[in-house]
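Given next are the chains, with one letter for each unit.
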Protein chains: 4
Amino acid sequence: MTAAAEMPNPNWRPDGWDVQHTAQPTSGWLTDGDIAVVRAQLPLVYVNAVPIRVDSAGDVLEVGVLLKMAAQGLTRAIVAGRVLYHERVRDALVRHIETDLGPHALPAIPATPQPFTVAEYFPTPGITPFFDPRQHAIALCYIVPVAGDCHPRQDAVQIDWLSPEAALSQRVQEEFSDGQGALVKQAIAHLGRLV
Amino acid sequence: MTAAAEMPNPNWRPDGWDVQHTAQPTSGWLTDGDIAVVRAQLPLVYVNAVPIRVDSAGDVLEVGVLLKMAAQGLTRAIVAGRVLYHERVRDALVRHIETDLGPHALPAIPATPQPFTVAEYFPTPGITPFFDPRQHAIALCYIVPVAGDCHPRQDAVQIDWLSPEAALSQRVQEEFSDGQGALVKQAIAHLGRLV
Amino acid sequence: MTAAAEMPNPNWRPDGWDVQHTAQPTSGWLTDGDIAVVRAQLPLVYVNAVPIRVDSAGDVLEVGVLLKMAAQGLTRAIVAGRVLYHERVRDALVRHIETDLGPHALPAIPATPQPFTVAEYFPTPGITPFFDPRQHAIALCYIVPVAGDCHPRQDAVQIDWLSPEAALSQRVQEEFSDGQGALVKQAIAHLGRLV
Amino acid sequence: MTAAAEMPNPNWRPDGWDVQHTAQPTSGWLTDGDIAVVRAQLPLVYVNAVPIRVDSAGDVLEVGVLLKMAAQGLTRAIVAGRVLYHERVRDALVRHIETDLGPHALPAIPATPQPFTVAEYFPTPGITPFFDPRQHAIALCYIVPVAGDCHPRQDAVQIDWLSPEAALSQRVQEEFSDGQGALVKQAIAHLGRLV
């Protein structure tokens, strides 16, 4: 995935968390080498969100597609990011949508925890449609209607609002990387708009 | 179900519908006796909607429970009504929510056609948790967050906003009829809030 | 849809059903003209089933695609048929799979009533991806793994087992009618295999 | 969760995995202290499976409930375990079902990756219905029909097949720990059998 997969802040603790009851990370535990070690040992939990605009009957009008700056250059992407330790999935969705779309997007976070699909990003291509050279990531995927103004921030440099037909077009699909174009297709299928 | 299951207007036609190509209903086809005949011959398609209030992370705060005047007297109920000929399921949801909650409820109609469950109301009790003495109804069930003011109309005389815990309580559950209390439980389970 | 949409037998009654409590259809009520009348007045409830073969980890190997004789000639199709009065959705699935695939298909009927999507077939093209010139049909759509031998019967003249990739190919998609190719795509998307 | 949450074998590599491209864990990296460190830093990915017996129409007959030996003594539980690095979710399901139910259970692993819910186990009680004192675990939850003989192994000492009604009873619910009784309720709700 193209999202920066921030690693946990070793000093952060949830409120009321008694650090005496857990092993204390030694200072400097999360060196770059350590991050690589964890990533080579454990699947990480991600959320993926496909932002959409809907009409008053809930029918999708447009799909939001980001342009993100990634290692391989500029690429199409959806909203994606890691779930942190002691963070609820729905709070991770709020946080990553705000990171990518800005604070005024007014997202309608799904009331149900049931994702429309689970995308498994393997560091080895070809096992699933999804690929992440850095890690094994398991992404809970949600479709999120947004009602407000979206202003990309950080890695996201632009958001384009495309009709479902345009988002499915070969030209747009080819601009995605790591299989996220397939995830947009799966989202549009879930919306009943794949033809 | 307690909702009045209005039968189709025999004179209504969608725009552009060439009545010459269909058998013409004779005038007076839908007499009361005829309605009973259709109801004894075909399952009817319904939508059921459980209105909820959510916080900014999508977590359910309250469940909307109606008081409706039904044949058996005042009873708890959810939003329910028939899908008309040539009406989209999402438009039926909009229409019945407006009928029961008023025009300012600002419902977030689901973007996906996938219901959280399908409730089968049989005229014979005990086949499923759902029962409708008048007919065999198959209801597509959706959870619908509403953001605006709700003012019950027509058969619905009141809407109470209950916490998930209160909606699950035995006292409230006993005030439902026809199994709709079970549907509220299933909705709360789908929201991850059944304990 | 290409499936013969049999109308209810007016003399059939579920066990224990007290006919005295319902309006009695007059003899001859379901003339051909009457069927056309009902079809022009009410949406009918259908089940749609996409048969698949899976491996021991549940991963789809092949998608079953029927060749059916329809009004417009030979066409690709999935399993489809009407839900009868007083019939459970799961029993309708069993019945139509047996009609189309024979009695030895050993289908794994879904344990949950939640369909993967709802397909709305309108008699007017363009409202949804699905079209049925005869009627307004609302189809609950399920993916059904089958483990046994499939021998098409009645309208279905042949079943072909295709890889997901082949089922998605333009050549096969063009052999479907009424939008059922789109439904196969949506099923494969739901299986996480749309690329 | 009561399942033993085995940590990855640091020497295991998927076929074709070029260890040169990843940081090499130093020998002894996964000491007991290190495991505690990881568990206090990252949410871990789990699968939860509710085994059921179904009839030929897919309707649930019985729910499989394990007795497991856990830190707090004997407790009711469902099938649960971690997803390993470079393991597909469906392969983790196969593996943990075999671990808990034996090699002859003949599970029907779901064809779709869409779970019926996601259970978030926090080390702090009260955030969700689910609790795990050792760690933050995010569990993808599936309902898995099994057709064969089940012989509990390892931590699981017994499996009881209960009717949905019995599994929902207060007596059985009280024998679960960490919220897994609520997950069984949610599964039965998803099956349309919560009354």
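On a predicted model such as this, the values are computed, not experimentally measured, just so you know.

Participant: Looking at this structure, how should I read the overall build of chain A?
Facilitator: Within chain A, the regular secondary structure consists of 5 helices and 8 strands. The N-to-C order of helical and strand elements in chain A reads α-β-β-β-β-α-β-β-β-β-α-α-α. Burial statistics for chain A: of 195 residues in total, 64% are counted as buried. Long-range contacts, defined here as pairs at least 24 residues apart, represent 68% of the contacts in chain A between residues at least 6 apart. When the accessible surface of chain A is split by element, carbon and sulfur atoms take 53% of a total near 7,200 Å².

Participant: So what exactly am I meant to see when it comes to empty space enclosed by the protein here?
Facilitator: Applying the stated rule across the entire model yields 2 cavities of 30 Å³ or more. Looking at the largest cavity, its volume works out to about 100 Å³. Along its surface, the largest cavity is lined by Phe116, Thr117, Gln186, Ala189 and His190 of chain B together with Phe116, Thr117, Gln186, Ala189 and His190 of chain D. Counting residues per element, the ones that place at least two in the lining of the largest cavity are α5 (180-190) of chain B together with α5 (180-190) of chain D.

Participant: What is the right way to look at unusual backbone geometry in this model?
Facilitator: Residues and elements named next belong to chain D. With a phi angle near 55°, Gln154 is a residue other than glycine that sits in the positive phi range. Here Gln154 lies in the loop between β7 (137-145) and β8 (156-162). Given a relative accessible area of 64%, Gln154 falls into the exposed group. Although it is not a glycine, Asp178 adopts a positive phi angle of roughly 65°. Along the chain, Asp178 falls in the loop between α4 (170-173) and α5.

Participant: Hey, could you run me through the environment of Ala167 of chain D in this one?
Facilitator: Residue and element names in this part refer to chain D. Turning to its location among the elements, Ala167 is positioned in helix α3 (residues 164-168). Taking the C-alpha atoms as reference points, Ala167 and Val89, separated by 78 residues in sequence, lie 26 Å from one another. The contacts of Ala167, once residues within four sequence positions are left out, are Val63, Leu162, Val172, Gln173, Val184 and Ile188.

Participant: Which parts of the structure should I look at to understand the packing of aromatic side chains?
Facilitator: Aromatic ring pairs: the centre-centre distance and the angle between the two ring planes describe each pair. For the structure on display, the rule yields 4 aromatic pairs over all chains. Centre to centre, the rings of Tyr121 of chain A and Phe130 of chain A are 5.3 Å apart; their planes meet at 45°, and the pair counts as tilted. When the ring centre of Trp161 of chain C is taken as origin, the NZ or CZ atom of Arg53 of chain C, which lies over that ring, is 4.4 Å away.

Participant: Just checking my understanding: could you explain a nonpolar patch on the surface for this structure?
Facilitator: All names here are of chain A. Together, Met69, Leu74 and Val157 make up an exposed nonpolar region whose accessible area comes to about 290 Å². If you trace the backbone, Val157 turns up in strand β8 (residues 156-162). We classify Val157 as partly exposed; its relative accessible area is 48%.

Participant: Before we go on, may I ask you to explain the nonpolar core in this structure?
Facilitator: A general trend in soluble globular proteins is that nonpolar side chains are found buried together. Counting 63 residues, the largest nonpolar core has Ile52, Val63 and Leu183 of chain B together with Ile52, Val63 and Leu183 of chain C as the members making the most contacts within it. Per-element accounting of this core gives the leading share, 6 residues, to helix α5 (residues 180-190) of chain C. Dropping the residues within four chain positions of it, Ile52 of chain B is found in contact with Ala111 of chain A together with Val60, Glu62, Val63, Ile143, Val144, Pro145, Val146, Trp161 and Leu191 of chain B. Ala167 of chain A together with Tyr46, Val184 and Ala187 of chain D belong to the second-largest nonpolar core, a separate cluster that totals 58 residues.

Participant: Would you mind showing me how to read helix α2 (residues 89-101) of chain B here?
Facilitator: An α-helix turns once every 3.6 residues. As a result, residues three or four positions apart point the same way. Residues and elements named next belong to chain B. In this model, α2 (13 residues) spans 18 Å end to end at C-alpha, consistent with the 18 Å of a helix rising 1.5 Å per residue. When α2 is considered as a whole, its buried residues turn out to be Val89, Arg90, Ala92, Leu93, His96, Ile97, Asp100 and Leu101. Mapping the buried residues of α2 onto a view down its axis gives an arc of 150°, with all of them on the same face. Downstream of α2 by one or two residues, Gly102 has phi in the positive range, about 90°.

Participant: Can you help me understand the pattern of salt bridges in this one?
Facilitator: Pairs may arise between side chains of opposite charge once their charged atoms sit close together. One pass over the full model with this rule turns up 44 salt bridges over all chains. When the shortest N-O distance is used, the salt bridge between Glu87 of chain B and Arg95 of chain B registers 2.7 Å. Arg95 of chain B gets classed as partly exposed once you look at its relative accessible area, which sits at 25%. Among the charged side chains, a salt-bridge network with shared partners connects Asp59, Glu165 and Arg193 of chain A together with Arg88, Arg90 and Asp91 of chain B.

Participant: How should I be thinking about α5 of chain B in this particular structure?
Facilitator: All names here are of chain B. Burial within α5 is extensive, with 11 of its 11 residues counted as buried. Those residues of α5 lying buried are Gln180, Gly181, Ala182, Leu183, Val184, Lys185, Gln186, Ala187, Ile188, Ala189 and His190. Gly192 lies just past α5 and shows a positive phi near 75°.

Participant: Is there a simple way to explain the pairing of strand β2 (residues 60-70) of chain C in this structure?
Facilitator: In the case of a regular strand, side chains alternate between the two sheet surfaces. Residues and elements named next belong to chain C. For β2, a buried count of 8 out of 11 residues is recorded, marking the element as mostly surrounded by other parts of the structure. Linkage of strand β1 (residues 44-54) to β2, two consecutive antiparallel strands, is achieved through a turn of 5 residues, within which Gly58 is found at a positive phi near 85°. Pairing of β2 with strand β8 (residues 156-162), which is carried by 6 bridges, proceeds in the antiparallel orientation. Looking at the pairing, Leu66 lines up with Ile159 of β8. In this sheet, strand β3 (residues 73-77) lies alongside β2 in antiparallel orientation, the contact comprising 5 bridges.

Participant: Help me out: how do you make sense of the environment of His96 of chain D in this one?
Facilitator: All names here are of chain D. Within the secondary structure, His96 sits in helix α2 (residues 89-101). Residue classification places His96 among the buried positions, given a relative accessible area of 6%. C-alpha separation for the pair His96 and Val79, spaced 17 residues apart in sequence, amounts to 6.8 Å. Among the polar contacts listed, one links the side chain of His96 to the backbone oxygen of Arg82, at a separation of 2.8 Å. Polar contacts involving the side chain of His96 include one to the side chain of Arg95, which spans 3.2 Å.

Participant: Explanation requested: the state of the cysteines in the structure shown.
Facilitator: Working definition of a disulfide: a covalent bond connecting the sulfur atoms of two cysteines. Tallying each qualifying case throughout the model produces 0 disulfides over all chains. Left without a disulfide partner, Cys141 of chain D is nearest to the cysteine sulfur of Cys141 of chain A, which lies 16 Å away. The exposure class assigned to Cys141 of chain D is buried, which follows from its relative accessible area of 1%. Just so you know, Cys150 of chain D is unpaired, no disulfide at all, and the nearest cysteine sulfur is the one on Cys141 of chain D, 19 Å from it.

Participant: Explain the side chain of Arg88 of chain D here, please?
Facilitator: Topologically, Arg88 of chain D is positioned in the loop between β4 (79-82) and α2. A distance of 2.8 Å separates a polar atom in the side chain of Arg88 of chain D from a polar atom in the side chain of Asp91 of chain D. For Arg88 of chain D, the contacting residues outside a window of four places in its chain are Glu120, Phe122 and Ile127 of chain A together with Ala57 and Asp59 of chain C.

Participant: Help me understand the confidence of the model for chain A, please; the structure alone is not making it clear to me.
Facilitator: Regions with low pLDDT carry predicted coordinates that are not meant to be interpreted in detail. Residue and element names in this part refer to chain A. The pLDDT averaged across chain A works out to 86; a share of 82% of its residues lies at or above 70. Contacts for the low-pLDDT stretch residues 2-29, under 50 throughout, to residues beyond four places or in other chains number 58 contacts. Across the interface, the model reports ipTM at 0.85; the global pTM reads 0.87.

Basis of the calculations
Residues numbered from 1 in each chain as written. Chains lettered and ligands numbered in written order. Predicted model: local features only at pLDDT ≥ 70, side-chain atom pairs only at ≥ 80, totals over all residues. Heavy atoms only, no water. Helix = DSSP H or I, 4+ residues; strand = E, 2+ residues; numbered from the N terminus. Buried < 20%, exposed > 50% of the residue type's maximum accessible area, 1.4 Å probe, protein only. Contact = heavy atoms within 4.5 Å. Areas by Shrake-Rupley, 256 points an atom, 1.4 Å probe, with all protein chains shown as cover. 1 Å grid on protein atoms, 1.4 Å probe; cavity = no way out; pocket = protein on both sides within 12 Å on 5 of 7 lines; lining within 4 Å. Points joined across faces, edges and corners; volume = space filled by probe spheres on them. Phe/Tyr/Trp six-rings, centres within 6.5 Å; stacked < 30°, edge-to-face > 60°. Lys NZ or Arg CZ within 6 Å of the ring centre and 35° of its normal. Patch = residues over 30% accessible without salt bridge, like charges linked within 9 Å, V, L, I, M, F, W, Y side chains within 5 Å. Salt bridge = Lys/Arg side-chain N within 4 Å of Asp/Glu carboxyl O. Core = buried A, V, L, I, M, F, W, Y, C linked by side-chain atoms within 4.5 Å. Expected span 1.5 Å × (residues − 1). Arc of directions from axis to C-beta. Pairing = 2+ DSSP bridges. Polar contact = N/O pair within 3.5 Å; in protein donor to acceptor, adjacent residues only side chain to side chain. Disulfide = S-S within 2.5 Å. pLDDT = per-residue confidence, 0-100.

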